[in-house]
Amino acid sequence: MRNHSLKANLTGYAFISPFIIGFLAFTLIPMFISLYLSFTSYNLFSPPRWVGFNNFEKMFTGDPKYWSSVKVTLYYVFIGVPLRLTFALFVAMILNTGSKMIGTYRTIYYLPSIIGGSVAVSIMWRNIFSEQGIVNGLLMALGAAPVQWFGDPGAALSMLITLSVWQFGSSMLIFLAGLKNISPEMYEAASVDGAHPVRKFFSITLPLLSPIILFNLIMQTISAFMTFVPAYIISKGEGGPMDGTMLYSLYLFRQAFMFNNMGYASAMAWVMLIFIGVLTLILFKTSKMWVFYESEGGR
Amino acid sequence: MKMRKTIALATMVAILLLITACGNSGGGNASGGAQDGKTLRIAWWGSDARHEYTQKVIDLYKKQNPGVNIDIEYASFDDYWKKLAPQAAANQLPDIMQMDISYISQYAKNGQLEDLKPYIGSKIKLDDVSENVLSTGLIGGTQYGIPTGVNVLGYQYNPELLKKAGINEIPANWTWDDYKKMAMQAKAKGVYFDESMAADIFFNYFLRTKGHSLYNAEGTALGYEDDALFTEFFGTLAELIKEGAVPSQETLSQNKGILEESTVVKGTGIGTWQWSNQFVALQKVADRPMALAPMLGPDMEKGIYMQPSMYWSIASSSKSKDEAAKFIDFWVNNEEANKLIKGERGVPISSKIKESVTPDLTEAEKQVFDFVSEMEPKASPMSPPPPVGSAEVIATLADYVEQINFGQTTAAEAAPKFRADANAILSNNQP
């Protein structure tokens, strides 16, 4: 009997082993190696040299570019994510009106997100806003001067944020599912009581949607902090002009793979991990104040 | 029941074995057929056109050397170095690698590359190669690379637009003063004279004309002491941008690295400063007659040098070094192969090969060959290749130059800051 259950377990382990091996080999072990490397100076060529907290010290006290990348990233996240979520909710509400073509619209609006993170879209974005691109063509047709969208240090980051807002699809789908879950009876009851649409939105839609907003907020914040591809493609990997598009992960990448400062880059990655962890925790804690769970009777 | 589970278990084990086996053949190419010494791994970076003809050259080599198998790995420039560094760390470098001047020191100093001196003469025949060219592959006195070809700096321009700007020709032995005057004249006619200069390359050129260089010979610090040199050079460039003789930094940043958006191609600018091997691509995209002019002086002869466009190097960990050396010899000396290469990796280093491929060249390619031949006797020896840490120094320099050109700081203010930053980076990278 015991022998039999051992065998059954073995079969189970065998079935999950591809994941376990992959997880160990490609996630957990590299993570701990990176933790070790963050306390070393390592250029890939000579063995890592233990330097204690030097990397962290340099990051916090001796590297202005680091802080500039932190600033750019915070801008990107704290402006980009709310904009994207607002836009996603807005589109979701429009799509929730029950038009017949809804399926088609949903697909069309979701499309940018499927391809949005990809290299091709970033290149397309660059072309649309290039010096002789379609946007400048329109501006010139209207008699305005062409704008160097990616050449102006102030404008370049806004271009990245706009691109991220445009990729609203996945949050939109989740919002849409949430909206469909709100019982129509509530709206009917509110109509009987004479509530106008704005009142309905703030008193019914938003509270009942708040758990979904929290979910989207956390997922989008985390992914926004890790944004890399558009900044890399649009700035040609340099984070320019004037470090205007030097997002944290791009700076990390440059330290690691352009300058071979693997130790410093590992340290940067761990600081980022801890920061995102703390931020997520704060979001969860403060969510008690604004997220409404129907199942808990509104507690 | 029991039977079925046993079968399931056996299947799982089989699949797992298969997965690990696949993993092995994918990553373990390095040691592939090294035991018989007849399998070579060769890696390079470049465009699709380069991949195509390189494959043809390799096929030709395989045809002439039956029994030799060659595995190829190629990527874009940036990706190439991201792949190569981990391979170096894992001691699995390809037998033959294309090396760049800005990276070769790092690989050489860390013992990753083979000294090629013993192979020269026996395995690699270099009798038709000038000493000035061959010595560009020396790092600290050791021959770690064989140049694939050479380039030289110059001004590449559209002669028709130059005339339209009221300038008949680029004068022989032109100076910085001529240049500034001509740039302002072009501006008055509504065209740009150039697109500014790549900071590290042309600052190094400028320093060389003054008897210095960007890095010192040991690679431990910058090669100049006087911040006034920095101020003079970058101050001049910023001034031309401010005057509107050169596009604004916004425009430069926006269009950086996009050939189609360059002012020369769009017909709003007369010319651009760059390496001679970039001329062919520029002419092709611009699709109009173009010309090459030497660098400006004074002391142009002290400034210019034959720059290896890239090197072939052999990994010190290679188990097929003789065969690798034979391939490099084939690349340098085989006529048929060079008719495929056509100077795409720089003007061939062998004078014999240079002559024999000339009849097959296009007009633009011929212009480049002629320009390089004209400059070769005038050129001075190259400064030592950029030291370890230079990538970070160059990025730092580019940052400061951007700030100067955007008007956020002045060249005089940036000069001492750059010196301090650069020297700190270089000393950090000393073993």
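Residues numbered from 1 in each chain as written. Chains lettered and ligands numbered in written order. Predicted model: local features only at pLDDT ≥ 70, side-chain atom pairs only at ≥ 80, totals over all residues. Heavy atoms only, no water.

Peer 1: Now, about the overall build of chain B: what can you tell me, with residues and values included?
Peer 2: Summing up its helical and strand segments, chain B has 19 helices and 10 strands in all. On C-alpha atoms alone, chain B measures out to a radius of gyration of 24 Å, which is about the 22 Å that the 2.2 N^0.38 rule sets for 431 residues. The principal-axis extent of the C-alpha atoms belonging to chain B is close to 90 × 50 × 45 Å. Considering only residue pairs separated by 6 or more positions, chain B has 74% of its internal contacts joining residues 24 or more positions apart. (Helix = DSSP H or I, 4+ residues; strand = E, 2+ residues; numbered from the N terminus. Rg over C-alpha atoms; globule rule 2.2 N^0.38 Å. Contact = heavy atoms within 4.5 Å.)

Peer 1: Now, about the interface of chain B and chain A: what can you tell me, with residues and values included?
Peer 2: At the junction of the two partners, chain B supplies 33 residues and chain A supplies 40 residues. Between chain B and chain A, roughly 3,100 Å² of surface is buried when both sides are summed, and carbon and sulfur atoms account for 57% of that area. Along the contact surface separating chain B from chain A lie one salt bridge. A salt bridge links Asp399(B) to Lys65(A); the shortest N-O distance between them is 2.4 Å. (Buried area = accessible area lost by both parts, 1.4 Å probe. Salt bridge = Lys/Arg side-chain N within 4 Å of Asp/Glu carboxyl O.)

Peer 1: Could you give an account of the pairing of strand 1 (residues 39-45) of chain B, naming the residues involved and the relevant values?
Peer 2: All names here are of chain B. With seven of seven residues buried, strand 1 is to be regarded as a mostly interior element. Because side chains alternate across strand 1, one face comprises the buried residues Thr39, Arg41, Ala43 and Trp45, and the other comprises Leu40, Ile42 and Trp44, equally buried. Across seven bridges, the pairing between strand 1 and strand 2 (residues 69-75) is parallel. Across the sheet, arginine 41 pairs through a bridge with aspartate 71, a residue of strand 2. For the segment spanning strand 1, helix 2 (residues 48-64) and strand 2, crossover handedness is right-handed. Here two bridges tie strand 1 to strand 3 (residues 96-99), and the two strands are oriented parallel to one another. Each bridged residue has a counterpart across the sheet, and for alanine 43 the counterpart in strand 3 is methionine 97. (Buried < 20%, exposed > 50% of the residue type's maximum accessible area, 1.4 Å probe, protein only. Pairing = 2+ DSSP bridges. Right-handed = clockwise from strand over helix to strand, strands pointing away.)

Peer 1: Break down the nonpolar core for me, citing the residues and quoting the values.
Peer 2: Residues and elements named next belong to chain B. With 206 residues, the main nonpolar core has Tyr107, Phe193, Phe230, Phe234 and Ile270 as its most contacted residues. Residue contributions to this core reach at least three from each of two domains, namely domain 1 (39-149 + 309-373) and domain 2 (153-306 + 382-428). If near-sequence neighbours (up to four positions away) are discounted, phenylalanine 230 is found in contact with Phe203, Tyr224, Gly235, Leu397, Ile404, Ala411, Ala414, Ala415 and Phe418. (Core = buried A, V, L, I, M, F, W, Y, C linked by side-chain atoms within 4.5 Å. Domains from an automatic or database assignment.)

Peer 1: Go over the packing of aromatic side chains with me, naming the residues and quoting the values.
Peer 2: Scanning all chains against the criterion turns up 58 aromatic pairs over all chains. Considering the side-chain rings of Phe129(A) and Trp149(A), the 5.4 Å spacing of their centres and the 75° angle between planes classify their relative orientation as edge-to-face. With Phe129(A) in the loop between helix 5 (119-128) and helix 6 (134-141) and Trp149(A) in the loop between helix 6 and helix 7 (153-166), this residue pair connects regions lying 20 residues apart in the sequence. Residue Phe129(A) is classed as buried on the basis of its relative accessible area, which comes to 12%. Judged by centre distance (5.6 Å) and plane angle (15°), the ring pair of Trp174(B) and Trp273(B) falls under stacked. One end of the pair, Trp174(B), is in the loop between helix 6 (159-164) and helix 7 (176-188); the other, Trp273(B), is in strand 8 (residues 271-275), and 99 residues separate them in sequence. The class for Trp174(B) is buried, based on a relative accessible area of 2%. (Phe/Tyr/Trp six-rings, centres within 6.5 Å; stacked < 30°, edge-to-face > 60°.)

Peer 1: If you had to explain helix 7 of chain B to someone new, which residues and values would you point to?
Peer 2: Side chains of residues three or four places apart in an α-helix project in the same direction, reflecting 3.6 residues per turn. All names here are of chain B. With 13 residues, helix 7 should cover 18 Å at 1.5 Å per step; its first-to-last C-alpha distance of 18 Å lies within 8% of that length. Elements that come into contact with the buried residues of helix 7 comprise helix 8 (199-209), helix 9 (227-243) and strand 8. Count one or two residues on from helix 7 and you reach glycine 190, which has phi positive near 85°. (Expected span 1.5 Å × (residues − 1).)

Peer 1: Provide a residue-level description of the side chain of Ser390(B), including the pertinent values.
Peer 2: Residue and element names in this part refer to chain B. Relative to the helices and strands, serine 390 resides in helix 18 (residues 390-405). A polar contact is formed between the side chain of serine 390 and the backbone oxygen of proline 387, at a distance of 3.0 Å. Those residues within four positions of serine 390 in sequence are excluded, and the remaining contacts are Ser102 and Tyr215. (Polar contact = N/O pair within 3.5 Å; in protein donor to acceptor, adjacent residues only side chain to side chain.)

Peer 1: Describe the domain arrangement of chain B, and please don't skip the residues or the numbers.
Peer 2: Residues and elements named next belong to chain B. Taken domain by domain, chain B comprises domain 1 (39-149 + 309-373) and domain 2 (153-306 + 382-428). Placing the centre of domain 1 and that of domain 2 at their C-alpha centroids yields a distance of 28 Å. Listed by partner, the interface residues are 18 residues for domain 1 and 20 residues for domain 2. Both faces combined, the contact of domain 1 with domain 2 buries some 1,600 Å², and carbon together with sulfur accounts for 72% of it. Together, Gln367, Val368 and Phe371 form the three largest contributors to the area buried by domain 1 at its contact with domain 2, with a combined 32%. Across the domain 1-domain 2 interface, the total number found is zero salt bridges. Of all the elements in the fold, those that place two or more residues in the side of domain 1 that touches domain 2 are helix 4 (104-109), strand 4 (138-139), strand 10 (307-314) and helix 17 (363-375). Taken together, the residues of the side of domain 1 that touches domain 2 sort by class into 10 nonpolar, six polar and two charged. (Nonpolar A, V, L, I, M, F, W, Y, C, P; charged D, E, K, R; others polar.)

Peer 1: Lay out the sheet that holds strand 8 of chain B with the relevant residues and their values.
Peer 2: Residues and elements named next belong to chain B. With antiparallel pairing, the three strands of this open sheet are ordered in space as 8-7-9. Each having just a single partner strand, strand 8 and strand 9 (291-293) make up the two edges of the open sheet. Neighbouring strand axes in the sheet, compared pairwise and without regard to direction, differ in orientation by 35° on average. Helix-sheet contacts for helix 12 (residues 279-286) involve strand 7 (153-157), strand 8 and strand 9, and the interaxial angle to strand 8 is about 150°. (Axes fitted to C-alpha atoms, helices over the stretch in contact; angles between N-to-C directions.)

Peer 1: How would you explain the packing of helix 18 of chain B against helix 19 (residues 411-428) of chain B if you had to name every residue and give the values?
Peer 2: Residue and element names in this part refer to chain B. Between helix 18 and helix 19, whose axes approach to 10 Å, the crossing angle comes to 165°. Considered as vectors, helix 18 and helix 19 are oriented roughly antiparallel to each other. Pair helix 18 / helix 19 crosses with right-handed handedness. Residue-level inspection shows Glu392, Val393, Thr396, Leu397, Tyr400 and Ile404 of helix 18 in contact with helix 19, the latter providing Ala411, Ala414, Lys417, Phe418, Asp421, Ala422, Ile425 and Leu426. When grouped by side-chain class, the residues that make up the contact of helix 18 with helix 19 number 10 nonpolar, one polar and three charged. (Parallel < 35°, antiparallel > 145°, perpendicular 65-115°, else oblique. Left-handed = near helix turned anticlockwise from the far one by under 90°.)

Peer 1: Requested: an account of the packing of helix 3 (residues 64-95) of chain A against helix 8 (residues 169-181) of chain A, with residues and values cited.
Peer 2: All names here are of chain A. Between helix 3 and helix 8, whose axes approach to 8 Å, the crossing angle comes to 50°. Judged by the inter-axis angle, helix 3 sits oblique to helix 8. Remark: the crossing between helix 3 and helix 8 carries right-handed chirality. For the pair helix 3 and helix 8, the contacting residues are Arg84, Leu85, Ala88, Leu89, Val91, Ala92, Met93 and Leu95 in the first and Ser171, Met172, Phe175, Leu176 and Leu179 in the second. Residues belonging to the contact of helix 3 with helix 8 are distributed by class as follows: 11 nonpolar, one polar and one charged.

Peer 1: With reference to specific residues and values, describe the sheet that holds strand 2 of chain B.
Peer 2: Across a sheet, strands are paired by hydrogen bonds formed along the backbone, either parallel or antiparallel in direction. All names here are of chain B. The five strands lie next to each other as 2-1-3-10-6, forming an open sheet whose pairing is mixed. Each edge of the sheet is formed by a strand with only one pairing partner; in this case those strands are strand 2 and strand 6 (146-151). On average, adjacent strands in this sheet sit at an angle of 15° to one another, irrespective of strand direction. Pairing of strand 3 with strand 10, which is carried by four bridges, proceeds in the antiparallel orientation. From the neighbouring strand, isoleucine 96 faces strand 10, where its bridge partner is isoleucine 314.

Peer 1: Could you give an account of the pattern of salt bridges, naming the residues involved and the relevant values?
Peer 2: Residue and element names in this part refer to chain B. Evaluation of the coordinates by the stated rule reveals 10 salt bridges over all chains. The shortest N-O distance in the salt bridge between lysine 354 and glutamate 376 comes to 3.4 Å. Residue lysine 354 is located in helix 16 (residues 351-357), and its partner glutamate 376 is located in the loop between helix 17 and helix 18; the two are separated by 22 residues in the primary sequence. Residue classification places lysine 354 among the buried residues on the basis of a relative accessible area of 16%.

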